[in-house]
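Breakdown of the fold
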Amino acid sequence: QVQLVESGGGLVQAGGSLRLSCAASGRTFSSSAMAWFRQAPGKEREFVAGISWSGGMTFYTDSVKGRFTISRDNTKNTVFLQMNSLKPEDTAVYYCAAGTTMTRASGNYHYWGQGTQVTVSS
């Protein structure tokens with residue numbers, strides 16, 4: 001079992017930055033692949049970024065490449081999403097997720113946080 005709690009969301013102007021954190025509890029965090037997803041109003045949940053259990057592999061959806069960085073600290077059971085050069089289209093509820101396989105498919109992640117709202121004003 002893994003419990004996930006996101007924080008760090010908020011309101012920011014376009015071009016600004018935010019850093020999301022996801023604190024995990026449970027013995028399997030350090031062996032879990034982690035990911036960030038987001039869901040905007042009226043849209044389906046979409047993959048944003050993923051990271052392997054060791055942190056050695058990361059991947060991103062095209063729209064955030066070069067702007068967002070996912071990282072993790074297994075000593076603190078935390079995964080981060082650094083978001084720079086934010087755009088209004090990044091506005092969404094952001095969720096962290098834990099799973100056994102690092103994929104873009106939400107169905108492969110078994111544990112989810114409650115989400116944190118990110119709003120980017122133009």
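Right above here is the structure, for reference.
Let me sum up the structure you'll find in this document. (Residues numbered from 1 in each chain as written. Predicted model: local features only at pLDDT ≥ 70, side-chain atom pairs only at ≥ 80, totals over all residues. Heavy atoms only, no water.)

Overview of the side chain of Ser21
- You can see Ser21 is positioned in strand E3 (residues 18-25).
- Judged by relative accessible area, which is 19%, Ser21 ranks as buried.
- In contact with Ser21, other than residues within four places in its own chain, are Val5, Glu6, Ser7, Trp36, Thr78, Val79 and Phe80. (Helix = DSSP H or I, 4+ residues; strand = E, 2+ residues; numbered from the N terminus. Buried < 20%, exposed > 50% of the residue type's maximum accessible area, 1.4 Å probe, protein only. Contact = heavy atoms within 4.5 Å.)

A word on the sheet that holds strand E1 (residues 3-7)
- Read across the sheet, four strands follow the order E1-E3-E8-E7 without closing on themselves; strand pairing throughout is antiparallel. The outermost strands of the open sheet, each flanked by one partner alone, are E1 and strand E7 (68-73). Ignoring which end each strand starts from, the neighbouring axes of this sheet average 15° apart. (Pairing = 2+ DSSP bridges. Axes fitted to C-alpha atoms, helices over the stretch in contact; angles between N-to-C directions.)

Observations concerning the packing of aromatic side chains
- Per the counting criterion, the structure on display carries five aromatic pairs.
- Ring geometry for Phe37 versus Phe47: centroids 5.6 Å apart, planes at 80°, classification edge-to-face. Of the two residues, Phe37 sits in strand E4 (residues 33-39) while Phe47 sits in strand E5 (residues 46-51), which places them 10 residues apart along the sequence.
- Judged by centre distance (6.5 Å) and plane angle (70°), the ring pair of Tyr109 and Trp112 falls under edge-to-face.
- The class of Tyr109 is buried, set by a relative accessible area of 4%.
- In this structure Trp112 comes out as partly exposed when scored by relative accessible area, which is 27%.
- Every member of this aromatic cluster is reached through a ring pair, and the members are Phe37, Phe47, Phe59, Tyr109 and Trp112.
- Looking at Arg45, its charged tip hangs above the ring of Trp112, at a distance of 4.8 Å from the centre.
- One Lys or Arg, Arg72, reaches over the ring of Phe29 and ends 4.7 Å from the middle of that ring. (Phe/Tyr/Trp six-rings, centres within 6.5 Å; stacked < 30°, edge-to-face > 60°. Lys NZ or Arg CZ within 6 Å of the ring centre and 35° of its normal.)

Focus: the nonpolar core
- Counting 28 residues, the largest nonpolar core has Trp36, Leu81, Met83 and Tyr94 as its most contacted members.
- If you list the elements that add at least two residues to this core, you get E3, E4, E5, E7, strand E8 (78-83), strand E9 (92-99) and strand E11 (116-121).
- Grouped together as the second largest cluster of nonpolar side chains are six residues, Phe37, Phe47, Phe59 and Tyr109 included. (Core = buried A, V, L, I, M, F, W, Y, C linked by side-chain atoms within 4.5 Å.)

Some thoughts on the environment of Ala40
- In this fold, Ala40 is placed in the loop between E4 and E5.
- In the structure, Ala40 is positioned 70 residues away from His110 in sequence and 21 Å away in space, judged by C-alpha atoms.
- Apart from the residues lying within four places of it in its own chain, the contact partners of Ala40 are Thr91 and Ala92.

Observations regarding the side chain of Thr78
- For Thr78, the location among the structural elements is in strand E8.
- Residue classification places Thr78 among the buried residues on the basis of a relative accessible area of 11%.
- Excluding residues that lie within four positions of it along the chain, Thr78 makes contacts with Ser21, Cys22, Ala23, Phe29, Arg72 and Asp73.

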